[in-house]
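Below, each chain spelled out in residue letters.
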Amino acid sequence: MYWHQSAKILLEHGLSPSEVAKAIKTVFPHTVVTGRHIGAYKRRLVGDNMLEKNLPKTINMQEAYSMMHGIISDEDSFIYRCTVGSAKRTLKCFEYKLTQQAIEPKEDIDKWLSSMTHITQT
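Residues numbered from 1 in each chain as written. Predicted model: local features only at pLDDT ≥ 70, side-chain atom pairs only at ≥ 80, totals over all residues. Heavy atoms only, no water.

Some thoughts on the pattern of salt bridges
Thinking step 1. Counted under the stated rule, the structure contains 2 salt bridges.
Thinking step 2. E12 is the partner of K8 in a salt bridge, and the nearest nitrogen-oxygen pair spans 3.6 Å. On the criterion of helical spacing, the pair formed by K8 and E12 is a turn pair, its members being 4 residues apart in helix 1 (residues 4–12).
Thinking step 3. Look at K8 and you get buried, because its relative accessible area is 17%.
Thinking step 4. Its salt-bridge partner being K57, residue E19 comes within 2.6 Å of it at the nearest N-O pair. Separated by 38 residues along the polypeptide, E19 in helix 2 (residues 17–27) and K57 in the loop between helix 3 (35–47) and helix 4 (61–71) bring together distant segments of the chain.
Thinking step 5. Since its relative accessible area comes to 46%, K57 is described here as partly exposed. (Salt bridge = Lys/Arg side-chain N within 4 Å of Asp/Glu carboxyl O. Helix = DSSP H or I, 4+ residues; strand = E, 2+ residues; numbered from the N terminus. Buried < 20%, exposed > 50% of the residue type's maximum accessible area, 1.4 Å probe, protein only.)

In C-alpha cells:
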C-alpha cells in the first residue's frame with residue numbers, strides 16, 4: 001500500500017507504531033491506517049527479518065513529520081488519492097496500475113448508452 005515504505009523507514013528510526021501512524025496522517029490525513037496496522041506491519045517485517053525488533057529511537061516526532069514529506073513518492077500519493085475515493089475509483093486506480101492505461105469512466109458510460117440505444121432500436 002501507499003504507506004508501507006514510509007512506515008518501514010520510520011520504524012527503522014525506532015519510532016513506535018502509534019508515532020508512525022501519527023506521522024503518516026500528516027501527509028495522508030484521510031487515511032484509515034492506525035497504530036494497530038503499523039504494529040501488524042512491524043511484526044511482519046520482524047518476522048521476515050527485514051527489521052530488528054528493538055531499535056533505538058534516532059529521530060523525534062518533529063523530524064519524522066518533516067521526513068514524511070520527503071519520502072512520499074508520486075506513486076504513493078496517487079494510490080492514496082485513489083483509496084480516498086469511491087470503490088469504483090479505487091478499482092480504476094488499480095486497473096491503471098496494472099495496465100498502465102487509464103480508461104475514462106466516460107468511455108464506460110458511452111458504451112452503456114450505446115448498448116441501451118441499440119437495444120431500444122431493436
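Things to note about helix 4
Thinking step 1. Taken together, the buried positions of helix 4 are M61, A64 and M68. Down the axis of helix 4, the sector holding all buried residues measures 45°, keeping them to one side. Exposed side of helix 4, more than 90 degrees from the buried face: Q62, S66, H69 and G70 are the residues found there. (Arc of directions from axis to C-beta.)

What to know about the packing of helix 1 against helix 4
Thinking step 1. At a minimum axis distance of 10 Å, the contact between helix 1 and helix 4 shows a crossing angle of 145°. Seen along the crossing, helix 1 lies across helix 4 with a hand that is right-handed. Together, S6, I9 and L10 of helix 1 and A64, M67, M68 and I71 of helix 4 make up the contact between the two elements.
Thinking step 2. For the contact of helix 1 with helix 4, the per-class residue count stands at 6 nonpolar, 1 polar and no charged. (Axes fitted to C-alpha atoms, helices over the stretch in contact; angles between N-to-C directions. Left-handed = near helix turned anticlockwise from the far one by under 90°. Contact = heavy atoms within 4.5 Å. Nonpolar A, V, L, I, M, F, W, Y, C, P; charged D, E, K, R; others polar.)

Here we look at the environment of V33
Thinking step 1. With respect to the helices and strands, V33 occurs in the loop between helix 2 and helix 3.
Thinking step 2. You can call V33 buried: its relative accessible area is 5%.
Thinking step 3. Separated by 11 residues in the primary sequence, V33 and K22 place their C-alpha atoms 9.3 Å from one another.
Thinking step 4. When sequence neighbours within four positions are dropped, the list of residues in contact with V33 reads Y2, W3, A21, K25 and I38.

Structural notes on unusual backbone geometry
Thinking step 1. The phi torsion at N49 lies on the positive side, around 60°, for a residue other than glycine.
Thinking step 2. Counting through the fold element by element, N49 comes out in the loop between helix 3 and helix 4.
Thinking step 3. Residue N49 is classed as exposed on the basis of its relative accessible area, which comes to 70%.

Regarding the environment of I24
Thinking step 1. Mapping I24 onto the fold places it in helix 2.
Thinking step 2. Residue I24 is classed as buried on the basis of its relative accessible area, which comes to 0%.
Thinking step 3. Distance from I24 to T34, taken between C-alpha atoms, is 9.2 Å for residues 10 residues apart in sequence.
Thinking step 4. Sequence-distant contacts of I24, defined by excluding residues within four places in its chain, comprise W3, S6, A7, T31, I38 and M68.

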